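Results of the structural survey
So the chains spell out like this:
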Amino acid sequence: MGKDVIVACDFDSMEKTLAFLDRFQGLGRKPFVKIGMELYYAEGPQIVREIKKRGHKIFLDLKLHDIPNTVKKAMAVLSRLDVDICNLHAAGTVRMMEAALEGLTRPDGTRPLLIAVTQLTSTDQAALEQDLWIERPMDEVVMHYAKNAKAAGLDGVVCSPLEAEKVHASCGAAFLTVTPGVRFADGDVGDQKRVMTPAEAKKIGSDYIVVGRPITAAEDPVAAYERCVREFCD
Ligand code: C5P
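**Observations regarding the packing of helix H1 (residues 14–22) against helix H3 (residues 45–53)**
Taken N-terminus to C-terminus, the directions of H1 and H3 make an angle of 15°; their axes are 11 Å apart at the nearest point. Our classification of the angle between H1 and H3 gives roughly parallel. Between H1 and H3 the crossing geometry is right-handed. Residue-level contacts link Met14, Thr17, Leu18 and Leu21 of H1 to Gln46, Ile47, Glu50 and Ile51 of H3. Considered class by class, the residues forming the contact of H1 with H3 number five nonpolar, two polar and one charged.

**Thoughts on helix H11 (residues 221–232)**
The terminal C-alpha atoms of H11 lie 16 Å apart, and with 12 residues this matches the ideal 16 Å at 1.5 Å per residue to within 8%. Considered for burial, the residues of H11 that qualify are Pro221, Val222, Ala224, Tyr225, Cys228, Val229 and Phe232. Along the long axis of H11, the arc covered by the buried residues comes to 165°, so they all point the same way.

**Details of the site of the ligand**
Surrounding the ligand, one finds Ala8, Asp10, Lys34, Thr121, Pro180, Arg183, Gln192, Val210, Val211, Gly212, Arg213 and Pro214. Here an oxygen atom of the ligand and a side-chain polar atom of Lys34 are 2.9 Å apart. Separating a nitrogen atom of the ligand from a side-chain N or O atom of Thr121 is a distance of 2.8 Å. Starting from 470 Å² of accessible surface for the ligand in isolation, the protein chains cover 81%. Classifying every residue of the shell around the ligand gives five nonpolar, three polar and four charged.

So, how was this worked out
- Residues numbered from 1 in each chain as written.
- Predicted model: local features only at pLDDT ≥ 70, side-chain atom pairs only at ≥ 80, totals over all residues.
- Heavy atoms only, no water.
- Axes fitted to C-alpha atoms, helices over the stretch in contact; angles between N-to-C directions.
- Helix = DSSP H or I, 4+ residues; strand = E, 2+ residues; numbered from the N terminus.
- Parallel < 35°, antiparallel > 145°, perpendicular 65-115°, else oblique.
- Left-handed = near helix turned anticlockwise from the far one by under 90°.
- Contact = heavy atoms within 4.5 Å.
- Nonpolar A, V, L, I, M, F, W, Y, C, P; charged D, E, K, R; others polar.
- Expected span 1.5 Å × (residues − 1).
- Buried < 20%, exposed > 50% of the residue type's maximum accessible area, 1.4 Å probe, protein only.
- Arc of directions from axis to C-beta.
- Near = heavy atom within 4 Å.
- Polar contact = N/O pair within 3.5 Å; in protein donor to acceptor, adjacent residues only side chain to side chain.
- Areas by Shrake-Rupley, 256 points an atom, 1.4 Å probe, with all protein chains shown as cover.

Following this line, the structure appears as structure tokens:
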């Protein structure tokens, strides 16, 4: 898979999501869709099947984190749903990530891509030290978790666009960086703190950008999506 724009469909129902995706019919390119916890917990696996049936690639963003055996079995279920990318928390340990990969791998040897969340971007240095008792600088922790993900055989990490270059430098150019926190130069930043434009994300080597509100809340979502594709992929 090459560089692509992943549209975060952060809606609370199947009806709203499909109505949104209907607007993209007729476009030469089918948007890669991210389904997060809200939509998945509201609609269950049927939402994945519906969107897949319409020909979209799917990043199922459920961020698994449990004992290795449970994650392995859950990943086997997600793999049968035929999604394209799944994820988990690297904090679950290398053993958990290895078990996840095993669960995800189908009998014919194929599997969805598996990427790890290193540290959530909502966790700051103070929370890292006071809540998690991790007394290391955040960027060292992020790189350590990325290396653990690589050692476990994963395909990449979700990270801030500002970390993508460093992740590639320490884990190799082929290790995928999937980066949210993307905004147009003339757009609203909203609650995202560290943002980049699609063009900047391309320059620093992000493999996939995850874009939500700049597309979903735009007056013309299709035009906003096409602008992302132009700036990031072309
Ligand atoms: O609307 P916006 O473009 O901010 O949406 C970004 C998407 O990426 C949301 O679905 C959000 O949950 C997700 N995300 C993020 N930061 C992370 C991980 C995921 O914004 N570190």
